[in-house]
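# Notes for the structure review
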Amino acid sequence: MIKYTATYLLFPLLFFLFINFSITSFSQESEDVEQQFEDNTSLQQEENDIPPALDEILDKKESQPQGSSDSSAATKDSESTSPDEPNVRVSKVKIKGAKVVTKQQIERIIGTDFPSIKFWVKKPPFDEEVLKDDMIRIQRLYANNGYYDAKATYELKYNKDETRVEIKITIEEGEPIILTDIDLKIEGDLSDEIKKQITDAVPLKVDETFSPNGYQQTKGVISEILYNRGYPKSDIEGEALVNRREKWARAKFVVKPGLIYKFGVIKVEGNEKVASYIIEREADFKEGKIFSLSKINETQANIFQLGLFRSVVIDPVYNDEEQIADIAIVVKERKQGSVKIGGGFGTEDKLRGQVIWTQRNFFGGGRRLEVSGKFSFITQRVETSVIQPYIVGKDSELSGTLNFQRDDVPSFKGRSFLTTAALTKDFWKYYSVFSSLNLQFSKIEDSATRTPEERSRENFFLTFINLGFERDATDNILNPTRGTVVSTGLESSFSALGSDVNYLKGTIELRGYKEYRDVVFAKKFTIGVIQPFGSTQTLDIPIFKRFFAGGSTSMRGFPFQKLGPLDRNNDPLGGNSLLVGSFEVRYPIYGDFGGVAFLDYGNVYTDEWSFPLQDIKYAPGLGLRYDTIIGPVRFDVGYALNPEPGITRIQFFISIGQAF
């Protein structure tokens, strides 16, 4: 397979080099070579400053007749390689000396393919001409980051039969260009607040590295700020002077904001089954308010997240005379019904599968009907839900749910029917609240017990209320690397409402994530208490309402649910008090593979408000992660330092998603 040919490279390469290395904008002072670039020109280099390796490539390309093909520059796969020519493939690529830019950035811009760590994937073919061009690409990458004198060289190490080659790329980064002065002139009648926002946000800083990337980013940042403050037609003129020999640069920007605009009316097009008001109410702006691009983007995201459309396009229509931007929203509806089928494997529930049928815009109003079935070796559940959005304004929904479930977990076997009416509301950016009224009937067929009274309890009827609050400021719901989560919940059951038991159940969970040089430090702490009252005693709390710990997501040195009190058969009894925590260090290994070192700790206690620290259990361990689009696939090994009798010290877990 031909990867590159001289014919393919000739015209695009000469055109690109003409644009990027033209001499239309430069000046000389004495013997110092300087570089000047303005608007409507790229960041220019003088012809004399072209690296020698690039001169060689230019000479070679220009010396070839038009349309000719240099066989040495063609990359051939095994299918197109002649029998007499050895088939050389890349076995390893090493990059040394890269500090300013990451190895991942280099890997993205070069033409030489890196070999996969997957042993079953064929090694990529090797082409030394492509590798020579890669050295220029690397130098150009460094120049765009302010290191104009960076050099990149390579060494090759073949195996005995010359069918495999190891590539070592060595980079000498050199000294950066330092910005000595920046002149930012803002014309027009802008408020002091906007001027300060622009000044503070400019990426280029005096006495720091100057780079073409930073120069372009500065213009983009200023334009974006003005766009979001009602100036969609601003003009930013820029000019920079670079002295490569003395390693300094000066930059100048003239900001012309233009006219200020306000939002006008909304016009919706393309909707057939979905009412226009459902779309309009998702707008993050109001007519007459100052125009903002970020408000448009947020509105587009809100409409798309309704799940009713396969495309959402929002265009402002400017009226220059009235300084108004009317908003045209064009949507394309998706099929209102869909079926999702999924499956997986976990150490605790073994094989699992899930089927979800969704009917969107169910009888209008943007509501959804969902019927789902979940089946595994420990839980089988059929659930029907109707969700009504916008029940108390934006980012709110009311749901009604019917749930039939059968459980076969280490602590008990049983069947239950649960009906729930729940209200959720998101507000500001990170906060959400939750409340629900629940009716549950459960029949316990077999469970871990301590007393004859417990064995005699088979049927439970509960009426309980749930209240919850959460602040989630993490950067990714599937694989967070930064931010914090605070989650609290309160559950109450009263015999006055017909419930068999009286209790208050409260939990608090704290999570935090911090990333430093691609290493993520994660921690979690959970505490919970169940307080019985009235005629209900400690041991009267139904087993399916007690706290349990141990398993792939909490205390990985213990089997699923088996941290805490056990009966004579080593079956978990659960408890009325919970204290568990974890600390993880997540680090990259290679490509999509990562590793984890963790320490889990905690215990489950029979009595409420009982947290004897001398009974805390500890379990360090190691894990392996493989990133996928649905979250990381993980394999963890935990070692219990002080297990209960009958509990194996070493536990293995396989699952999807981070432990927390």
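Please read these numbers as outputs of a predicted model, since none were measured by experiment. (Residues numbered from 1 in each chain as written. Predicted model: local features only at pLDDT ≥ 70, side-chain atom pairs only at ≥ 80, totals over all residues. Heavy atoms only, no water.)

## Overview of the overall build of the protein
Secondary structure assignment for the protein yields nine helices and 27 strands. Out of the 660 residues belonging to the protein, those deemed buried represent 42%. For the protein, the exposed area adds up to about 34,700 Å²; of that, 54% sits on carbon and sulfur atoms. (Helix = DSSP H or I, 4+ residues; strand = E, 2+ residues; numbered from the N terminus. Buried < 20%, exposed > 50% of the residue type's maximum accessible area, 1.4 Å probe, protein only. Areas by Shrake-Rupley, 256 points an atom, 1.4 Å probe, with all protein chains shown as cover.)

## Some details on the pairing of strand β23 (residues 577-590)
When strand β22 (residues 519-532) meets β23, the two strands line up antiparallel, connected through 10 bridges. Note that in β23 the partner of Ile527 across the bridge is Leu579. Two elements, β23 and strand β24 (residues 593-605), share 13 bridges in a ladder whose sense is antiparallel. Its bridge partner being in β24, Tyr590 is matched across the sheet by Phe593. Between the end of β23 and the start of β24, which pair antiparallel, lie two residues, with Gly591 showing a positive phi angle near 60 degrees. (Pairing = 2+ DSSP bridges.)

## Some thoughts on the packing of helix α5 (residues 192-201) against helix α6 (residues 212-228)
The N-to-C vectors of α5 and α6 enclose an angle of 150 degrees; their axes lie 9 Å apart at closest approach. One element, α5, and the other, α6, form an angle in the roughly antiparallel class. Where α5 crosses over α6, the handedness of that crossing is right-handed. Between α5 and α6, the contacting residues are Ile194, Gln197, Ile198 and Ala201 on the first element and Val221, Ile222, Ile225 and Leu226 on the second. In terms of residue class, the contact of α5 with α6 is made up of seven nonpolar, one polar and no charged. (Axes fitted to C-alpha atoms, helices over the stretch in contact; angles between N-to-C directions. Parallel < 35°, antiparallel > 145°, perpendicular 65-115°, else oblique. Left-handed = near helix turned anticlockwise from the far one by under 90°. Contact = heavy atoms within 4.5 Å. Nonpolar A, V, L, I, M, F, W, Y, C, P; charged D, E, K, R; others polar.)

## Some thoughts on the packing of aromatic side chains
Applying the stated criterion to the full structure yields 21 aromatic pairs. A centroid spacing of 6.4 Å and a plane angle of 55 degrees characterise the contact between Phe412 and Phe544, whose relative ring orientation is tilted. With a gap of 132 residues between them, Phe412 in strand β17 (residues 412-427) and Phe544 in the loop between β22 and β23 connect regions that are remote in the sequence. Residues Phe412 and Phe544 agree in their burial class; the two are buried. Following the ring pairs from residue to residue traces out a cluster consisting of Tyr227, Tyr261, Phe263, Phe285, Phe291 and Tyr318. (Phe/Tyr/Trp six-rings, centres within 6.5 Å; stacked < 30°, edge-to-face > 60°.)

## Section: helix α4 (residues 128-144)
The terminal C-alpha atoms of α4, which comprises 17 residues, lie 25 Å apart, in line with the 24 Å expected from a rise of 1.5 Å per residue. In terms of burial, α4 is largely enclosed, as 12 of its 17 residues are buried. The N-cap residue of α4 is Asp127: its side-chain oxygen and the backbone nitrogen of Glu129 are 2.9 Å apart. (Expected span 1.5 Å × (residues − 1). Polar contact = N/O pair within 3.5 Å; in protein donor to acceptor, adjacent residues only side chain to side chain.)

## Let's talk about the sheet that holds strand β5 (residues 164-172)
Here three strands make up an open sheet; going across it, the order is β3-β5-β4 and the pairing mixed. What marks the edges here is a single partner per strand, and that holds for β3 (89-96) and β4 (151-158). Strand after strand, the sheet turns through a mean of 20 degrees between neighbouring axes, direction not considered. With seven bridges connecting them, β3 and β5 associate as parallel partners. Paired with Lys94 across the two strands is Lys168, which belongs to β5.

## A word on the sheet that holds strand β11 (residues 324-333)
Reading across from one edge, β9-β11-β10 is the order of the three strands in this open sheet, with mixed pairing throughout. With partners counted over all chains shown, the strands left at the sheet margins are β9 (262-269) and β10 (309-319), one partner each. On average, adjacent strands in this sheet sit at an angle of 20 degrees to one another, irrespective of strand direction. Judged from the six bridges that link them, β9 and β11 form a sheet pairing that is parallel. Bridging from a neighbouring strand, Phe263 pairs with Ala325 of β11.

## Observations regarding the environment of Arg517
Relative to the assigned elements, Arg517 resides in the loop between β21 (503-516) and β22. Placed 70 residues apart in sequence, Arg517 and Tyr587 show a C-alpha to C-alpha distance of 9.2 Å.

## Examining the pairing of β24
Where β24 and strand β25 (residues 617-626) come together, 10 bridges link them in antiparallel fashion. Following the sheet pairing, Tyr601 is matched in β25 by Tyr618.

## Quick notes on the confidence of the model for the protein
Summarising the model, the protein shows a mean pLDDT of 86, and 87% of its residues fall at 70 or more. Taken together, the stretch residues 1-34 has pLDDT below 50 and engages in 84 contacts with residues farther than four places along the chain or on a different chain. (pLDDT = per-residue confidence, 0-100.)

## Focus: the pattern of salt bridges
Counted under the stated rule, the structure contains 28 salt bridges. One network of salt bridges, in which partners are shared, links Arg556, Glu584, Arg586, Asp600, Arg625, Arg634 and Asp636. (Salt bridge = Lys/Arg side-chain N within 4 Å of Asp/Glu carboxyl O.)

## With respect to the side chain of Thr358
Assignment of secondary structure puts Thr358 in strand β13 (residues 350-360). Other than its neighbours up to four places away in sequence, Thr358 contacts Gln336, Gly337, Ser338, Leu369 and Glu370.

## Here's the deal with a positive patch on the surface
On the surface, Lys92, Lys94, Lys96, Lys103, Lys157 and Lys168 cluster together into a patch of positive charge. No other element matches β3, which puts three residues into the positive patch. Structurally, the position occupied by Lys92 is in strand β3. You can call Lys92 partly exposed: its relative accessible area is 35%. (Patch = residues over 30% accessible without salt bridge, like charges linked within 9 Å, V, L, I, M, F, W, Y side chains within 5 Å. Lys, Arg positive; Asp, Glu negative; His and termini not counted. Charge placed at Lys NZ, Arg CZ, Asp CG, Glu CD.)

## Here's the deal with unusual backbone geometry
With a phi angle near 55 degrees, Phe363 is a residue other than glycine that sits in the positive phi range. Positive phi, close to 70 degrees, is recorded for Gln561, a residue that is not glycine. Topologically, Gln561 is positioned in the loop between β22 and β23. The class for Gln561 is buried, based on a relative accessible area of 10%.

## Points about the environment of Gln440
Positionally, Gln440 belongs in strand β18 (residues 431-447). On a C-alpha basis, the gap between Gln440 and Thr420 in space is 8.7 Å, while along the polypeptide they are 20 residues apart. Among residues more than four places away in sequence, those in contact with Gln440 are Ser416, Phe417, Leu418, Phe460, Phe461, Leu462, Phe464, Phe544 and Lys545. Polar contacts involving the side chain of Gln440 include one to the side chain of Ser442, which spans 2.9 Å.

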